[in-house]
Amino acid sequence: MSSLSGKVQTVLGLLEPSKLGRTLTHEHLTMTFDCCYYPPPPPHEAISKEPIMMKNLFWIRKNPYSHKENLQLNQETEAIKEELLYFKASGGGAMVENTTTGICRDVQTLKWLAEETGVHIVAGAGFYVDATHSSETRAMSVEQLTDVLINEILHGADGTSIKCGVIGEIGCSWPLTESERKVLHATAHAQAQLGCPVIIHPGKNPSAPFQIIRILQEVGLCLIRRNYWSLLNLAVTWNMISLVMNSFITN
Ligand SMILES: [Zn+2]
């Protein structure tokens, strides 16, 4: 993509990499996390459906994944705006927002946050883990999934003209499911065509990142190309451990 080569694509448009400033490469500013809901034991079932209140705050902190509303991380946009302003005041410049289809990516809100705060925000294209794949996603061929990814980067995501700037985070479980394998194949095809950065969330097994890298390479993703138009080459994270990160390679 010659017009994108050497550039970063934010939700407000193309940017010279030198304008990014200090950048956080894996954040979620607005998302939902219902896929990680963990039912509490029977005596506590009622609490899991209560609104968040002072009287249940301690319980929610102890059981963050067992409280329905606590997994709705898209309700407090004003608070997120304030946090971004603190980030900027402390020297921050940009964030890569890794929320993909399945956990409620909201590019309109990301654009609003970027406009309100002046922090550069890069949105993520693609699909989260299998548990969040819709029947429509599961039914897609690799070619159709590839078209979705390319469209989200070249034309806009979620029915808007707001474009993503990375593929990811692509969600993988352990063991890898059939639907996730198709998404990985599509990721490699799209990356090979666009030369864009890719961010993967591997399943929780030490072998997962290496299996994923093998699949991506077999299908055609280039791990060492240096003519990218955005800020990351390839970032593979396993939980909070960054295993491979060739950041900020732009040409
Ligand atoms: Zn994440």
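Residues numbered from 1 in each chain as written. Predicted model: local features only at pLDDT ≥ 70, side-chain atom pairs only at ≥ 80, totals over all residues. Heavy atoms only, no water.

Caption draft 1: Just the coordination of the zinc ion, in detail. Coordination of the zinc ion by the protein is provided by His-26 (NE2), His-28 (NE2) and Glu-169 (OE), with metal-donor distances spanning 2.0 to 2.1 Å. Within one chain, the residues donating to the zinc ion are spaced in sequence as H-x1-H-x140-E. (Donors = N, O, S within 2.8 Å, 3.2 Å for Na, K, Ca; no water.)

Caption draft 2: How the structure looks around the side chain of Thr-30. Structurally, the position occupied by Thr-30 is in the loop between β3 (22–27) and β4 (31–32). When neighbours within four sequence positions are excluded, Thr-30 is seen to be in contact with Leu-73, Asn-74, Glu-97, Thr-99, Cys-104, Asp-106, Thr-109 and Leu-110. (Helix = DSSP H or I, 4+ residues; strand = E, 2+ residues; numbered from the N terminus. Contact = heavy atoms within 4.5 Å.)

Caption draft 3: Representation of the packing of aromatic side chains. Summed over the entire model, instances satisfying the criterion amount to two aromatic pairs. Between the aromatic rings of Phe-33 and Tyr-65, the centroid separation amounts to 6.2 Å while the plane-to-plane angle is 55°, which identifies the pairing as tilted. One end of the pair, Phe-33, is in the loop between β4 and α1 (45–49); the other, Tyr-65, is in the loop between α2 (57–62) and β5 (72–73), with 32 residues separating them in the sequence. Taking 6.3 Å as the distance between ring centres and 50° as the angle between the ring planes, the aromatic pair formed by Phe-33 and Tyr-128 counts as tilted. Of the two residues, Phe-33 is situated in the loop between β4 and α1 and Tyr-128 in the loop between β7 (120–125) and α5 (135–139); the sequence distance between them amounts to 95 residues. Of the two residues, Phe-33 and Tyr-128, neither departs from the other in class, the shared state being buried. (Phe/Tyr/Trp six-rings, centres within 6.5 Å; stacked < 30°, edge-to-face > 60°. Buried < 20%, exposed > 50% of the residue type's maximum accessible area, 1.4 Å probe, protein only.)

Caption draft 4: Layout of the side chain of Thr-187. Relative to the elements of secondary structure, Thr-187 occurs in helix α7 (residues 178–194). Those residues in contact with Thr-187, other than ones at most four positions away along the chain, are Leu-149, Ile-167, Ile-170, Val-198 and Leu-216.

Caption draft 5: Structural view of helix α6 (residues 142–154). Here α6 spans 18 Å end to end across 13 residues, near enough to the 18 Å set by a 1.5 Å rise per residue. Close packing links the buried residues of α6 with β1 (8–10), β7, α5, β8 (166–171) and α7. Gly-156 occupies a position one or two residues after α6 and carries a positive phi of about 140°. (Expected span 1.5 Å × (residues − 1).)

Caption draft 6: Layout of the pairing of β8. Taken across its six residues, β8 has six buried, putting it largely inside the fold. Bridge analysis of β7 against β8 gives two bridges, and the strand direction is parallel. Looking at β8, one finds that Gly-124 is bridged to Val-166. Bridge analysis of β8 against strand β9 (residues 198–201) gives three bridges, and the strand direction is parallel. Residue Ile-167 lies in a different strand from β9, and its bridge partner there is Val-198. Traced from β8 through α7 to β9, the parallel crossover comes out right-handed. (Pairing = 2+ DSSP bridges. Right-handed = clockwise from strand over helix to strand, strands pointing away.)

Caption draft 7: Representation of the confidence of the model for the protein in the model. In the predicted model, the protein carries a mean pLDDT of 87, and 87% of its residues have values of at least 70. Note on residues 225–251: pLDDT is under 50 here. Beyond four places in sequence and across chains, it has 96 contacts. (pLDDT = per-residue confidence, 0-100.)

Caption draft 8: Quick look at the state of the cysteines. What the rule picks out here adds up to zero disulfides. Here Cys-35 stays free of any disulfide, with the sulfur of Cys-36 as its closest cysteine sulfur at 4.1 Å. Among the residues examined, Cys-35 registers a relative accessible area of 30% and is labelled partly exposed. (Disulfide = S-S within 2.5 Å.)

Caption draft 9: Spotlight on helix α3 (residues 77–89). Counted at 1.5 Å a residue, the expected span for α3 with its 13 residues is 18 Å, and the 18 Å between its end C-alpha atoms agrees. Every buried residue of α3 is listed here: Lys-81, Leu-84 and Phe-87. Viewed end-on, α3 has its buried residues packed into an arc of 115°, placing them on one side of the element. For α3, the exposed residues lying more than 90 degrees away from the buried face are Tyr-86 and Ala-89. Where the residues of α3 are buried, they touch β3, β6 (92–97), α4 (107–117) and β7. Once α3 finishes, Gly-91 follows within two positions and takes phi at roughly 105°, a positive value. (Arc of directions from axis to C-beta.)

Caption draft 10: Structural detail: the packing of α7 against helix α8 (residues 208–219). The interhelical angle for the contact between α7 and α8, taken along N-to-C directions, is 50°, at an axis separation of 8 Å. The pairing of α7 with α8 is recorded here as oblique in orientation. Seen from above, α7 lies across α8 with right-handed handedness. Here α7 contributes Arg-181, Leu-184, His-185, Thr-187, Ala-188 and His-189 to the contact with α8, which in turn contributes Gln-211, Ile-212, Ile-215, Leu-216 and Val-219. Split by residue class, the contact of α7 with α8 holds six nonpolar, four polar and one charged. (Axes fitted to C-alpha atoms, helices over the stretch in contact; angles between N-to-C directions. Parallel < 35°, antiparallel > 145°, perpendicular 65-115°, else oblique. Left-handed = near helix turned anticlockwise from the far one by under 90°. Nonpolar A, V, L, I, M, F, W, Y, C, P; charged D, E, K, R; others polar.)

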